[in-house]
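Examination of the molecular architecture
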4 protein chains.
Amino acid sequence: MNLGFIGLGQMGREMAGRLLDAGHGLIVYNRSAGAAEPFRSRGARIASQPEAALDAQVVITMLADDAAVDAVWVASGLAERMPSTVIHLNMATVSLAMGKRLAALHRKSGSRYLSAPVFGRPYAAAKGQLDIVVAGEEGAIEHCKPILAALGRQHFVVGSEPHHANIVKIARNYLLATIIESLGEAFALTRKSGVDAETFLNTITSTAMNAPAYKNYGRMIIEKTPQPTFPLKLGLKDVELALEAGSDTRVPMPMAGVIREQHLAAIAQGYGDHDWAALGEYIAASAGLK
Amino acid sequence: MNLGFIGLGQMGREMAGRLLDAGHGLIVYNRSAGAAEPFRSRGARIASQPEAALDAQVVITMLADDAAVDAVWVASGLAERMPSTVIHLNMATVSLAMGKRLAALHRKSGSRYLSAPVFGRPYAAAKGQLDIVVAGEEGAIEHCKPILAALGRQHFVVGSEPHHANIVKIARNYLLATIIESLGEAFALTRKSGVDAETFLNTITSTAMNAPAYKNYGRMIIEKTPQPTFPLKLGLKDVELALEAGSDTRVPMPMAGVIREQHLAAIAQGYGDHDWAALGEYIAASAGLK
Amino acid sequence: MNLGFIGLGQMGREMAGRLLDAGHGLIVYNRSAGAAEPFRSRGARIASQPEAALDAQVVITMLADDAAVDAVWVASGLAERMPSTVIHLNMATVSLAMGKRLAALHRKSGSRYLSAPVFGRPYAAAKGQLDIVVAGEEGAIEHCKPILAALGRQHFVVGSEPHHANIVKIARNYLLATIIESLGEAFALTRKSGVDAETFLNTITSTAMNAPAYKNYGRMIIEKTPQPTFPLKLGLKDVELALEAGSDTRVPMPMAGVIREQHLAAIAQGYGDHDWAALGEYIAASAGLK
Amino acid sequence: MNLGFIGLGQMGREMAGRLLDAGHGLIVYNRSAGAAEPFRSRGARIASQPEAALDAQVVITMLADDAAVDAVWVASGLAERMPSTVIHLNMATVSLAMGKRLAALHRKSGSRYLSAPVFGRPYAAAKGQLDIVVAGEEGAIEHCKPILAALGRQHFVVGSEPHHANIVKIARNYLLATIIESLGEAFALTRKSGVDAETFLNTITSTAMNAPAYKNYGRMIIEKTPQPTFPLKLGLKDVELALEAGSDTRVPMPMAGVIREQHLAAIAQGYGDHDWAALGEYIAASAGLK
């Protein structure tokens with residue numbers, strides 16, 4: 001397929017690479033041009049304007065946040081100018097409000113739009129091992145399946161309105177935050193009574209909490225992973241997306257409210273650029289543990 | 001082995017039955033005598049006084065809460081009068097403070113004491129499928145292994161001080177509470193944007209939250225299980241054990257503080273005798289969902 | 001003085017009226033023209049474009065929220081086109097971010113800008129009994145004193161940077177929210193044990209909580225004031241301004257996090273258009289009280 | 001009047017002194033006898049057993065907490081042995097559960113009991129400037145008025161059941177905790193944006209928060225009062241009394257839940273023996289302020 005790809009950040013560049021390797025034709029665009037350059041030698045065309053990336057069957061956007069989507073896709077008028085033959089496949093994590101706004105824009109201009117945010121860190125993207133959540137019109141999803149297959153190990157169709165995928169992604173990332181916070185509190189509680197963290201983690205992940213999220217974040221909290229692959233300050237952003245969606249749709253989330261403030265305290269005390277798992281380190285420190 | 005067994009509540013009676021089936025000699029005691037009677041025909045002796053249950057190699061206690069332990073075991077002076085040849089194997093969930101108090105009492109009177117609380121509901125107890133957390137002196141644990149084998153599918157030695165097992169049990173039950181609350185919030189958030197709960201649950205339990213706790217509680221929240229096997233008001237007790245331990249050992253647990261109040265609101269609004277999973281129903285109602 | 005006045009909502013129209021009564025020349029502008037009309041017969045000029053309101057020594061803006069300020073003052077380019085002889089006196093409650101943005105815009109275009117949000121409901125505005133918090137350059141404040149005197153019973157200079165006034169206003173409104181929430185919880189707690197709310201309120205406001213906020217909100221909670229003068233959903237907006245400022249400046253506010261969710265639950269359950277004091281009614285209901 | 005007085009701690013000794021100065025006959029008892037001795041020269045009799053203090057018209061107890069009340073008054077059987085001619089005037093802060101238990105004990109043994117906890121720190125007690133909250137049978141209150149007059153500047157009859165006074169005291173102390181926490185958050189928020197704390201405090205206490213609690217705690221937070229007159233760890237006890245009462249009577253108090261954890265974090269980080277106002281210092285530190 002001929003694909004446009006906009007947004008070559010940590011995640012986007014791995015995903016674009018996968019698509020090239022899978023044999024798709026790619027025209028890539030990134031706001032700071034340097035990130036696009038390496039793709040030239042791999043056979044991709046480089047677009048100097050985002051508009052050029054619309055010359056494709058599907059244009060994938062993987063922009064950092066609402067502001068980037070707004071700048072590159074909305075304020076620029078790209079959404080309106082996209083031909084009705086193209087599908088816009090937005091794979092970034094955006095707010096529920098932005099998800100609805102994009103859907104409305106495309107509906108108004110008669111163009112096709114899917115939302116398909118992903119679960120997974122860059123190394124999973126590099127191996128095509130993402131979990132993808134997709135929502136929107138069935139025919140468009142069918143059309144995009146080769147893309148989903150190249151990028152993910154599985155995908156989930158979660159609804160017929162694109163914003164359904166946004167809210168699923170937001171809610172699931174919020175659950176990750178609750179796992180990190182709750183593990184942090186449970187580690188602090190057990191450690192302060194003399195229980196080895198490794199022992200505690202093994203006990204819970206051998207029983208009812210036998211899940212990757214507990215194993216991975218538990219391990220990262222224990223090992224104080226020095227190389228952050230997803231910084232805590234972006235974790236705050238994820239929790240804020242949940243709270244913002246909760247506010248917009250009138251869903252009280254008291255636990256989310258508290259978790260947000262824990263992130264802020266951690267950031268105020270210097271953990272913002274550490275891995276998200278460092279929330280556990282902050283919690284231990286707040287309990288007076290070293 | 002000749003075993004004493006004190007406390008034939010919902011859990012205790014299933015566990016005592018398993019031990020009989022495994023061929024152990026049993027002398028059982030329960031404060032209200034009716035619960036003990038059915039064990040007579042299965043070959044157990046019935047003790048009319050708890051003291052009689054001490055005539056054994058190991059005496060297992062499975063009492064409902066701190067107050068019951070205090071009445072039957074502490075205030076009665078049983079702890080002091082237990083012969084030093086007997087091991088007290090306390091399998092109930094008690095507070096960290098009570099766990100330490102029992103250990104101190106036995107240490108003082110020179111008798112042997114292990115703490116070994118269990119994970120699992122009555123139907124798991126009936127099938128010998130409990131997960132058991134045990135802590136205390138190594139030789140005593142070795143001695144009790146046939147008991148652990150008859151009752152559990154696995155056991156975890158979590159420390160050399162009996163209270164280590166209490167705090168692990170308390171922290172793990174607290175994690176269950178965080179899972180129910182977070183699922184409740186995530187379901188409310190996604191449902192209010194039009195996503196089917198089943199679809200959301202399938203997505204998260206096929207990815208990073210692929211764990212029994214998410215699957216089971218997720219299902220119970222969706223199906224509004226009418227028959228409670230563990231009522232919400234006991235869930236509150238578990239969260240309060242975590243908060244009490246946190247207060248005693250100076251471990252701030254802001255998320256636990258909020259979850260406790262969610263339980264109280266649910267109870268004040270009539271969900272106290274529903275299953276613990278009904279917390280999800282309360283959260284949906286608080287978001288204005290039917 | 002010749003004054004421009006932009007924004008004739010519930011508060012703005014009372015304030016504009018006071019300024020006319022005090023003998024100032026007024027040119028008024030409102031986005032929906034109907035609100036401006038009544039001022040014609042009182043001697044004001046009506047501006048059909050906001051730009052016309054710049055023909056004054058001081059132009060006062062009293063717009064509803066960030067979005068309104070953005071539309072009328074920022075996106076319209078008014079900020080840049082304002083002559084350097086004019087002072088922009090922004091008396092509305094805006095976010096800390098918007099407060100800083102306005103200051104930066106005016107600094108860049110070399111024009112004069114003060115922030116002067118007010119405490120008080122419309123009936124206080126009508127009587128010139130507002131409390132005004134002002135921040136910015138000293139000379140400009142001096143120049144505006146006749147305006148502050150006409151509108152307020154007192155004013156407080158809280159800093160030399162305009163955004164100082166924004167954050168004081170935001171923090172103080174947050175304190176109001178904490179008072180309503182805490183009174184709601186305390187009323188529920190005492191009522192459920194049989195204590196008359198009136199008796200409790202009298203006790204605390206005759207002692208350490210002898211302050212207008214406790215007296216007024218306490219009374220409104222007890223009397224379930226049917227006519228809202230400040231709706232609960234705007235209370236939510238105020239709490240969100242505090243949380244947003246906290247997030248932007250990295251100040252954890254765990255209590256604010258919880259209060260926000262209480263507002264959302266109250267709104268989801270139908271109290272959004274009731275007076276802010278109805279938060280107390282929601283809390284009583286959540287405790288199972290009628 | 002001939003009065004018994006049990007409990008000569010920081011508050012009790014000042015109150016006993018006031019009663020002597022007012023001309024009442026006093027027989028005093030304290031568990032550690034040293035505290036009673038100084039009263040001998042002032043004309044009081046010293047009881048070597050608490051029982052001796054019952055030889056009076058009214059016996060006042062001012063014991064530190066539930067455990068002390070339990071030991072001295074309940075477990076000792078004093079409550080049952082008190083003659084029906086005596087009134088037990090309990091002026092200490094105890095839990096709602098203990099308040100009800102004492103009332104039930106006295107009702108059962110046919111003796112007279114009032115609950116009358118006080119607001120105020122030791123220096124207010126020394127000057128007879130306490131605020132007293134009293135509840136119970138009208139005739140008994142009438143009888144005790146000379147005592148209330150000697151100790152307090154005012155008293156409030158808050159109900160006909162003694163525990164009404166307990167819950168009012170608990171709720172009001174909880175309100176103090178909300179004031180300290182909210183001031184701490186508001187100071188941190190404004191300071192981090194460059195506003196002087198003194199300026200902020202003056203603004204709010206000159207307007208809607210013009211109350212002693214805001215003035216006094218605001219000042220103590222700013223001045224980091226080195227000499228604690230009421231340590232933060234006792235503040236935690238007060239918040240826990242509110243939460244315990246909330247749990248017992250099924251009143252959700254989400255804000256209280258969060259405030260408790262803030263106290264624990266402050267204690268874990270070394271502020272436990274500082275004045276209660278040091279909660280504000282902890283909050284500033286958690287925001288990264290010096």
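Quick notes on the rules
Residues numbered from 1 in each chain as written. Chains lettered and ligands numbered in written order. Predicted model: local features only at pLDDT ≥ 70, side-chain atom pairs only at ≥ 80, totals over all residues. Helix = DSSP H or I, 4+ residues; strand = E, 2+ residues; numbered from the N terminus. Rg over C-alpha atoms; globule rule 2.2 N^0.38 Å. Buried ≥ 20, exposed ≤ 12 C-beta atoms within 10 Å, placed from the backbone. Contact = placed C-beta atoms within 7 Å. Axes fitted to C-alpha atoms, helices over the stretch in contact; angles between N-to-C directions. Parallel < 35°, antiparallel > 145°, perpendicular 65-115°, else oblique. Left-handed = near helix turned anticlockwise from the far one by under 90°. Domains from an automatic or database assignment. Nonpolar A, V, L, I, M, F, W, Y, C, P; charged D, E, K, R; others polar. Least-squares fit on C-alpha atoms with pLDDT ≥ 70 in both. Pairing = 2+ DSSP bridges. Right-handed = clockwise from strand over helix to strand, strands pointing away. Expected span 1.5 Å × (residues − 1). Arc of directions from axis to C-beta. pLDDT = per-residue confidence, 0-100.

**Some words on the overall build of chain A**
- A count of helices and strands for chain A gives 12 helices and 9 strands.
- Its C-alpha atoms give chain A a radius of gyration of 20 Å, near enough to 19 Å, the size a compact globule of 290 residues would have.
- Projected onto its principal axes, the C-alpha coordinates of chain A cover approximately 65 × 45 × 35 Å.
- Per-residue burial over chain A gives 60% buried out of 290 residues.
- Across chain A, the fraction of contacts at a sequence separation of at least 24, relative to all contacts at a separation of at least 6, is 65%.

**Observations concerning the environment of methionine 11 of chain C**
Residues and elements named next belong to chain C.
- Within the secondary structure layout, methionine 11 lies in helix α1 (residues 10-21).
- Taking the C-beta count within 10 Å as the criterion, methionine 11 has 22 such neighbours and is therefore assigned buried.
- Taking the C-alpha atoms as reference, methionine 11 lies 24 Å from glutamate 244; in sequence the two are 233 residues apart.
- Setting aside anything within four residues of it in sequence, one finds methionine 11 in contact with Met62, Pro122 and Ala125.

**What about the packing of helix α7 (residues 162-192) of chain B against helix α9 (residues 212-223) of chain B?**
Residue and element names in this part refer to chain B.
- The contact between α7 and α9 brings their axes to 10 Å, and the two run at 50°. Comparing their axes, α9 and α7 come out oblique. The two elements α7 and α9 cross, and the hand of that crossing is right-handed. When α7 is examined against α9, the residues Leu176, Ile179, Ile180, Leu183, Gly184 and Phe187 are found in contact with a partner set consisting of Ala213, Tyr214, Tyr217, Gly218 and Ile221.

**Some details on the domain arrangement of chain A**
Residue and element names in this part refer to chain A.
- What the domain assignment reports for chain A is domain 1 (2-160) and domain 2 (167-286).
- Taking only C-alpha atoms into account, the centre of domain 1 sits 29 Å from that of domain 2.
- If you look at the interface, domain 1 gives 10 residues, while domain 2 gives 11 residues.
- Looking at the side of domain 1 that touches domain 2, its residues break down into 7 nonpolar, 2 polar and 1 charged.

**Details of the relation of the copies chain B and chain A**
- Of the transformation placing chain B onto chain A, the axial shift is 0.0 Å and the rotation is 180°, giving an RMSD of 0.0 Å. What we have between these two chains is a two-fold relation. Identified as the residue of chain B closest to the rotation axis by C-alpha distance is alanine 211 of chain B, at 2.3 Å.
- A high fraction, 100%, of the interface residues of chain B reappear at the interface in chain A, so the copies pair face to face through one surface.

**Things to note about unusual backbone geometry**
Residue and element names in this part refer to chain A.
- Positive phi values are uncommon outside glycine, yet arginine 250 reaches one of about 60°.
- By the element assignment, arginine 250 lies in the loop between α10 (232-249) and α11 (254-268).
- Taking the number of C-beta atoms within 10 Å as the measure of exposure, arginine 250 has 20 and is therefore buried.

**As for the interface of chain A and chain D**
- Of the residues lining the interface, 8 residues belong to chain A; the matching set on chain D comes to 8 residues.
- Of the residues forming the side of chain A that touches chain D, the biggest block, 4 residues, is contributed by α11 of chain A.
- Residues belonging to the side of chain A that touches chain D are distributed by class as follows: 5 nonpolar, 3 polar and no charged.

**Quick notes on the pairing of strand β1 (residues 2-6) of chain A**
Residues and elements named next belong to chain A.
- Among the 5 residues in β1, 4 count as buried, and that is most of the element.
- Both β1 and strand β2 (residues 25-29) contribute to a ladder of 5 bridges, which runs parallel. Counted as the bridge partner of asparagine 2 is glycine 25 from β2.
- Taken together, β1, helix α1 (residues 10-21) and β2 form a β-α-β motif whose crossover is right-handed.
- Two strands pair when backbone bridges link them, and β1 and strand β4 (residues 58-61) are joined in this way by 4 bridges, in the parallel orientation. Across the sheet, residue isoleucine 6 finds its bridge partner in β4, namely threonine 61.

**Observations concerning the interface of chain B and chain A**
- Chain B puts 60 residues into the contact, and the matching count from chain A is 60 residues.
- Every element with two or more residues in the side of chain B that touches chain A is listed here: β8 (130-135), β9 (152-159), α7, α8 (197-205), α9, α10 (232-249) and α11 (254-268) of chain B.
- Element by element, the count of residues in the side of chain B that touches chain A is highest for α7 of chain B, at 18 residues.
- A breakdown of the residues in the side of chain B that touches chain A according to their chemical character gives 34 nonpolar, 19 polar and 7 charged.

**Observations regarding the packing of helix α8 (residues 197-205) of chain D against helix α9 (residues 212-223) of chain D**
Residue and element names in this part refer to chain D.
- It is the contact of α8 with α9, at a shortest axis distance of 10 Å, that shows an interaxial angle of 175°. Our classification of the angle between α8 and α9 gives roughly antiparallel. Between α8 and α9, the contacting residues are Ala197, Glu198, Leu201, Ile204 and Thr205 on the first element and Tyr214, Lys215, Gly218 and Ile222 on the second.
- Its residues placed into classes, the contact of α8 with α9 shows 5 nonpolar, 2 polar and 2 charged.

**Quick look at helix α4 (residues 96-108) of chain B**
Residues and elements named next belong to chain B.
- An ideal rise of 1.5 Å per residue puts 18 Å on 13 residues; α4 measures up with 18 Å between its terminal C-alpha atoms.
- Listed in full, the buried residues belonging to α4 are Leu96, Met98, Gly99, Leu102, Ala103 and His106. Looking down the long axis of α4, one finds its buried residues gathered within 165° of arc, a one-sided arrangement.
- Buried residues in α4 make contact with α2 (66-74), α3 (78-81), β5 (87-90), β6 (112-115), α7 and α10.
- Note on α4: the residue one or two positions beyond its end, glycine 110, has a positive phi of about 70°.

**Some remarks on helix α12 (residues 278-286) of chain D**
- Within α12 of chain D, 8 of the 9 residues are buried, which leaves it mostly tucked inside the rest of the structure.
- Among all positions in α12 of chain D, only Ala278, Leu279, Gly280, Glu281, Tyr282, Ile283, Ala284 and Ser286 of chain D are buried.
- At its buried positions, α12 of chain D is contacted by α11 of chain A together with α7 (162-191), α9, α10 (232-249) and α11 (254-268) of chain D.
- In the stretch just after α12 of chain D, glycine 288 of chain D is the one whose phi turns positive, near 85°.

**What about the confidence of the model for chain A?**
- Residues with a pLDDT of 70 or more make up 100% of chain A, whose mean pLDDT is 96.
- Interface confidence for the predicted complex, expressed as ipTM, amounts to 0.97; the pTM equals 0.96.

**Overview of the environment of lysine 127 of chain D**
- Assignment of secondary structure puts lysine 127 of chain D in the loop between α5 (122-126) and β8 (130-135).
- Spatially, the C-alpha atoms of lysine 127 of chain D and glutamate 244 of chain D are 32 Å apart, while their sequence positions differ by 117 residues.

**A few points about the pairing of strand β6 (residues 112-115) of chain D**
Residue and element names in this part refer to chain D.
- Of the two faces of β6, both are covered, the one formed by Arg112 and Leu114 as well as the one formed by Tyr113 and Ser115.
- Sheet topology places strand β5 (residues 87-90) next to β6; 4 bridges connect them, and they run parallel. Bridge pairing in β6 places isoleucine 87 opposite arginine 112.
- Each parallel crossover has a hand, and for β5 linked through helix α4 (residues 96-108) to β6 it is right-handed.

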